[in-house]
Amino acid sequence: MAGQPDSTRIVVGHIAGVYGVRGWLKVMSETDPPEGILSFSPWLLGADATAWTVSEGKRHGKGIVVSLRGCDDRDRAAALVGQDIAVVRDQLPPASHDEFYWVDLEGLAVETTEGVALGSIDHLFATGANDVIVVKGDRERLLPFVWGDVVKDVDFEQRRMLVDWDPSF
């Protein structure tokens, strides 16, 4: 319903390991830039979405290390390893007119410019060259997310993505 807050949980990273003996955690971020994950609070961890507040955090190598309030020893930190880090959808800043959050694309029907239905967007993933759209229908298809060349239009009202793609590929 329009105007209602969106409490959908969005995964923005995961706890990859422990860091040191004082309860710090290694985090793999899915935000761009990676340290953007530190701007969200609270983090919702695990299936029960327990709220945690980041006390401190910084870039470390290819990842992020953080200290969570109330997690002050290695054993407590170890219990959190492997959990997804989620935030509430309303915590994300609005996307600009030509950008999309992946979560907003998931579930959209995918149709070719010739009107052939390919299925729906199951998920997306990043590669070095470009993002990839995973479309599940009669079979699974991997389409490069290349705006203008492959992706021609995204219509959220019609819940559809229009693509220039050979259905036999």
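About the criteria used
- The numbering scheme is per chain: residues are counted from 1 as the chain's sequence reads.
- Per-residue local features of the predicted model are confined to residues with pLDDT of at least 70, and side-chain atom pairs are confined, for both listing and counting, to 80 or more; whole-chain, interface and lining totals are unaffected and use all residues.
- By convention in this description, side-chain values take in all heavy atoms of the structure and omit both hydrogens and water.
- For this document, the term salt bridge refers to a Lys or Arg side-chain nitrogen within 4 Å of an Asp or Glu carboxyl oxygen.
- Every helix listed is a DSSP run of H or I at least four residues long, and every strand listed is a run of E at least two residues long, numbered separately from the N terminus.
- Buried residues are those whose accessible area, probed at 1.4 Å on protein chains only, stays under 20% of the maximum for their type, while exposed residues exceed 50% and partly exposed ones sit between those limits.
- Aromatic pairs are defined between Phe, Tyr and Trp rings, using the six-membered ring for Trp, whenever the two ring centres lie within 6.5 Å; interplanar angles under 30 degrees are classed as stacked, those over 60 as edge-to-face, and all others as tilted.
- Each residue gets a pLDDT score, which is the predictor's confidence in that residue and runs from 0 to 100.
- Whether two residues are in contact is decided by their heavy atoms, any of which lying within 4.5 Å being enough.
- Throughout, nonpolar core names a set of buried Ala, Val, Leu, Ile, Met, Phe, Trp, Tyr and Cys residues whose side chains join them through atoms within 4.5 Å.

**Q** Go over the pattern of salt bridges with me, naming the residues and quoting the values.
**A** Taken as a whole, this structure holds 5 salt bridges when the rule is applied. The closest approach of N and O atoms between glutamate 35 and arginine 59, which form a salt bridge, is 2.9 Å. Taken as a pair, glutamate 35 in the loop between strand S2 (24-29) and strand S3 (43-45) and arginine 59 in strand S5 (residues 54-60) lie far apart in primary sequence, 24 residues in all. A salt bridge links aspartate 138 to arginine 141; its shortest N-O distance comes to 3.1 Å. Given a relative accessible area of 67%, aspartate 138 falls into the exposed group. One salt-bridge network, held together by shared partners, links Asp122, Lys136 and Glu140.

**Q** I'd like a rundown of the packing of aromatic side chains, residues and numbers included.
**A** Any aromatic ring pair is given by two values, namely how distant the centres are and how the planes are angled relative to each other. Across all of its chains, the model carries 5 aromatic pairs by this definition. With centroids separated by 5.7 Å and ring planes inclined at 45°, the aromatic side chains of phenylalanine 100 and tryptophan 147 adopt a geometry described as tilted. With phenylalanine 100 in the loop between strand S7 (84-88) and helix H2 (102-105) and tryptophan 147 in the loop between strand S11 (140-144) and strand S12 (151-155), this pair connects stretches of sequence that are 47 residues apart. With relative accessibility at 48%, the residue tryptophan 147 sits in the partly exposed group. Aromatic ring contacts, followed pair by pair, group Phe100, Phe145, Trp147 and Phe156 into a single cluster.

**Q** Any details on the confidence of the model for the protein chain? Residues and values, ideally.
**A** Of the residues in the protein chain, 96% have a pLDDT of 70 or more, and the chain-wide mean is 91. In the model of the protein chain, H2 stands out as the element of lowest mean pLDDT, 88, in contrast to strand S8 (residues 109-112), which has the highest, 98. In this model, residues 1-5 is a region of pLDDT below 50 whose contacts with residues beyond four sequence positions or in other chains number 1 contact.

**Q** Which residues make up the nonpolar core, and what values go with them?
**A** By size, the foremost hydrophobic cluster in this structure holds 21 residues, and its most contacted members are Leu25, Val27, Trp43, Val66, Leu68 and Ile85. Secondary structure elements with two or more residues in this core: strand S1 (9-19), S2, S3, strand S6 (63-68) and S7. Per-element accounting of this core gives the leading share, 4 residues, to S1. Apart from residues lying up to four places away in sequence, valine 66 is in contact with Gly23, Trp24, Leu25, Val27, Leu38, Trp43, Val54, Glu56 and Gly57. Of all hydrophobic cores here, the second largest spans 16 residues; its members include Leu124, Ile133, Val135 and Phe145.

**Q** Now, about the environment of alanine 79: what can you tell me, with residues and values included?
**A** Residue position: alanine 79 is located in the loop between helix H1 (74-78) and S7. Note on alanine 79: relative accessible area 55%, which makes it exposed.

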